[in-house]
Every structure is written in C-alpha cells, then in structure tokens.
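# Chain and residue survey
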Amino acid sequence: MTLEEIRGQENTMESADRVQSAGAALEELLVAAKKQDYLTVGVYESAKIMNVDPDSVAFCVLATDEEYECDFALQIHFTLIQAFCFDNDINVVRVNDIERLADLVSTDETGEPKDAHCILVTSPSANPWKDPALDKLSLFCEESRSVYDWVPTITLPER
C-alpha cells in the first residue's frame, strides 16, 4: 500500500465520521428548533419566509428520496432555494431520507404529515438564537465548501 492510498482511506474514514457527526447535529438542531418554534416546514412556506424576512433564516435543509428525484418542479424549487441561500449566506444541506426527516418535524395541527422537502431553521432578528448544533453544522458546511461540495448531503442517524 502506498502513502497516498493510506491517506485516501484515512480521508474517507474522516469524511464518513464528519457526515455522521453532522447527521447527529442536524437531528439535535431540528429537535431544539421545533421546541422553540423556530422551524418552517414546506417548500412554499419556506419561500414565503425567505421573501418576507430573509435575515431570520439561519439554516436550510432540502430533502428528497428516489421517489422524488424525477419531480422536475421540486428540483426547480430546490435550485431557486439554493440560489437564494447562496446569495444570502445561508448554509444549506441535503438529506436523502425524507421519511425520517418528516418524523423529526412531526405533523401539523390537522394530524397530516408536513411537506418536509424544505425545512428552514429561523431565528428572530431581535433575539438571535444560538445553538451548538447550529455551530457544528455551519462548520461542516464551511469545510464542505472548501472541497467544492456546495450542498453537502447529510445522513441522519438511525433510530
């Protein structure tokens, strides 16, 4: 084995650990934000918040799975949301397990499952909310951008 192969294996292991750690941090963040009522769930609801009060958006999660990969309207929405996030320095990640994500953000008042394709973590401008999980995810996104992974994919921990 060459030194480059060993370093490649180490980098792969470090990357897997980073993604797993980011998944745990994302779960922590979503649970904490839900308790504080700082979540906006749904593509259209998120677009409204981004249009009305973009400064309140602290983090963005885009979720899809194999069932929705060919949904072109959803992909266009994702592209527009990502562009908005990039223009406003909002960290954005993808999650490939929409069912697990929907479980985390629960159901709405009518008992129907929410559209978890887009989730925003918001923070009021008057009283900014700080969370260690948000700091971890911001660092993860920054590190991902440094290796040209502009929208990193996070895997949520299994239950």
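Calculation rules
- Residues numbered from 1 in each chain as written.
- Predicted model: local features only at pLDDT ≥ 70, side-chain atom pairs only at ≥ 80, totals over all residues.
- Heavy atoms only, no water.
- Pairing = 2+ DSSP bridges.
- Helix = DSSP H or I, 4+ residues; strand = E, 2+ residues; numbered from the N terminus.
- Core = buried A, V, L, I, M, F, W, Y, C linked by side-chain atoms within 4.5 Å.
- Buried < 20%, exposed > 50% of the residue type's maximum accessible area, 1.4 Å probe, protein only.
- Contact = heavy atoms within 4.5 Å.
- Polar contact = N/O pair within 3.5 Å; in protein donor to acceptor, adjacent residues only side chain to side chain.
- Patch = residues over 30% accessible without salt bridge, like charges linked within 9 Å, V, L, I, M, F, W, Y side chains within 5 Å.
- Areas by Shrake-Rupley, 256 points an atom, 1.4 Å probe, with all protein chains shown as cover.
- Salt bridge = Lys/Arg side-chain N within 4 Å of Asp/Glu carboxyl O.

## Section: the sheet that holds strand β4 (residues 118-122)
Ordered in space as β1-β4-β2-β3-β5, the five strands form an open sheet in which the pairing is mixed. Edge positions in the sheet fall to β1 (39-41) and β5 (153-154), since each of these pairs with one other strand and no more. As paired elements, strand β3 (residues 91-95) and β5 share two bridges and run parallel to each other. Bridging across to β5, Val95 finds its partner in Ile154.

## Comments concerning the nonpolar core
Counting 30 residues, the largest nonpolar core has Leu26, Phe59, Leu101 and Ile119 as the members making the most contacts within it. The set of elements that each furnish at least two residues to this core consists of α1 (3-36), β1, β2 (57-63), β3, α4 (98-105), β4 and α5 (132-146). Looking at this core, the element that brings in the most residues is α1, giving six residues. Non-local contacts of Leu101, meaning those with residues more than four positions away in its chain, are made with Leu30, Val61, Ala63, Val95, Ala116, Ile119 and Leu156. Membership of the second largest hydrophobic core comes to 14 residues, among which are Met50, Val57, Phe78 and Ile81.

## Some details on α4
Each turn of an α-helix holds 3.6 residues, which means side chains three or four residues apart point in the same direction. Within α4, six of the eight residues are buried, which leaves the element mostly enclosed by the surrounding structure. A positive backbone phi angle near 70° is found at Ser106, which sits one or two residues after α4.

## A word on the side chain of His117
Relative to the assigned elements, His117 resides in the loop between α4 and β4. On the basis of relative accessible area, His117 is assigned to the buried category, the value being 8%. Of note is the side chain of His117, whose polar atom sits 2.5 Å from the side chain of Asp115. Apart from the residues lying within four places of it in its own chain, the contact partners of His117 are Val43, Val61, Leu62, Ala63, Tyr68, Leu74, Phe78 and Ile98.

## Comments concerning a nonpolar patch on the surface
On the surface, Phe86, Tyr148 and Trp150 cluster together to form a nonpolar patch covering roughly 390 Å² of accessible area. Tracing the backbone through its elements, the reader meets Trp150 in the loop between α5 and β5. In this structure Trp150 comes out as partly exposed when scored by relative accessible area, which is 46%.

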